[in-house]
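Single-letter residue listing:
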Amino acid sequence: MRILIAEDDQVLADGLMRALRGAGAVVDHVANGTEADAALMINTELDLLILDLGLPKMNGLEVLKRLRGRGSALPVLILTAADSVDERVKGLDYGADDYMAKPFSLQELEARVRALVRRGMGAGSSLIRHGPLVYDQTGRVATIDGKMVELSARELGLLEVLLQRTGRLVSKDQLVDRLCEWGEEVSNNAIEVYVHRLRKKIEKGPIRIATVRGLGYCLEKIAP
Ligand code: CA
């Protein structure tokens, strides 16, 4: 999952990034409202925005209002000061999906993040089934016929993206966007290498990642 954090408290932002990366997310960070607004206009591959309402330059409510004004349904978790019931209500009215009042436990935040991302993808459960392959998005574990498949963090990320779009073409550019944080240099060749490694580990029985030449990849549907 790919997450943008808009938070001007650097210590809190660092803690959030560490926790979410530890949980397997690809995370980027902006520290003011105008940067958040700009980032949201160009990043279409996000799964979640964690938005502090008290941001410099443009406040979080304005960022949220503009995001929803562009018709985006991106799940948004707002962070508010503990005593600001008013802000929280406004945030929800402006289209936030959930909120957390500071200070909060990182454990609870992670659970809410998982729930929001799942809901955003239209999945009630954290398990994705694909023929004999079962992927647990919470535990980040893949099994085939009940046997665990050993995958690197990148391979897991790749598998997740393909599973979430089974039967649809995923371009190499989309994969770079999904798997890499800003400033990370990952070439299309590197993506080919990850796909090659993932194939060797999961292409068993009916599971197949098709290459669409010059365009990208597609995890082929399996007839039920
Ligand atoms: Ca703040």
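Remember, predicted model here, so these are calculated numbers, not experimental data. Numbers given to residues run from 1 along each chain, matching the order in which its sequence is written. Local features in this predicted model are restricted to residues whose pLDDT is 70 or higher, and side-chain atom pairs enter the listing and the counts only when it is 80 or higher, whereas totals over whole chains, interfaces and linings include all residues. Note that the side-chain values use all heavy atoms of the structure and ignore hydrogens as well as water.

Visitor: Would you mind showing me how to read the pattern of salt bridges here?
Guide: Side-chain pairs of opposite charge can arise where the charged atoms are in close proximity. Salt bridges, as used here, are contacts in which a Lys or Arg side-chain nitrogen is within 4 Å of a carboxyl oxygen on Asp or Glu. Taken as a whole and assessed by the stated rule, the structure comprises 19 salt bridges. We note a salt bridge from E155 to K201, for which the minimum N-O separation is 2.8 Å. With E155 in helix α6 (residues 153-164) and K201 in helix α8 (residues 188-202), this pair connects stretches of sequence that are 46 residues apart. Look at the salt bridges and you will find they share partners, linking E45, D47, R165 and R178 into a network. Helix and strand labels come from DSSP, where a helix needs a run of H or I of at least four residues and a strand needs a run of E of at least two; each type is numbered from the N terminus.

Visitor: Can you walk me through the coordination of the calcium ion in this structure?
Guide: Each pair of donors in an ideal four-coordinate tetrahedral metal site encloses 109.5 degrees, whereas pairs in an ideal six-coordinate octahedral site enclose 90 or 180 degrees. Coordination shells were defined by N, O and S atoms within 2.8 Å of each metal, extended to 3.2 Å for Na, K and Ca; water is absent from the atom set, which can make sites look incomplete. The coordination sphere of the calcium ion contains the protein donors D8 (OD), D52 (OD) and G54 (O), at a distance range of 2.2 to 2.4 Å. Each donor residue of the calcium ion lies on the same chain, and together they follow the pattern D-x43-D-x1-G. Taken together, the residues D8 in the loop between β1 (2-6) and α1 (10-22) and D52 in strand β3 (residues 48-52) connect sequence positions 44 residues apart. Burial classes: relative accessible area under 20% of the type maximum marks a residue as buried, over 50% as exposed, and values in between as partly exposed (1.4 Å probe, protein chains only). Exposure remark for D52: the relative accessible area of 4% places this residue in the buried category.

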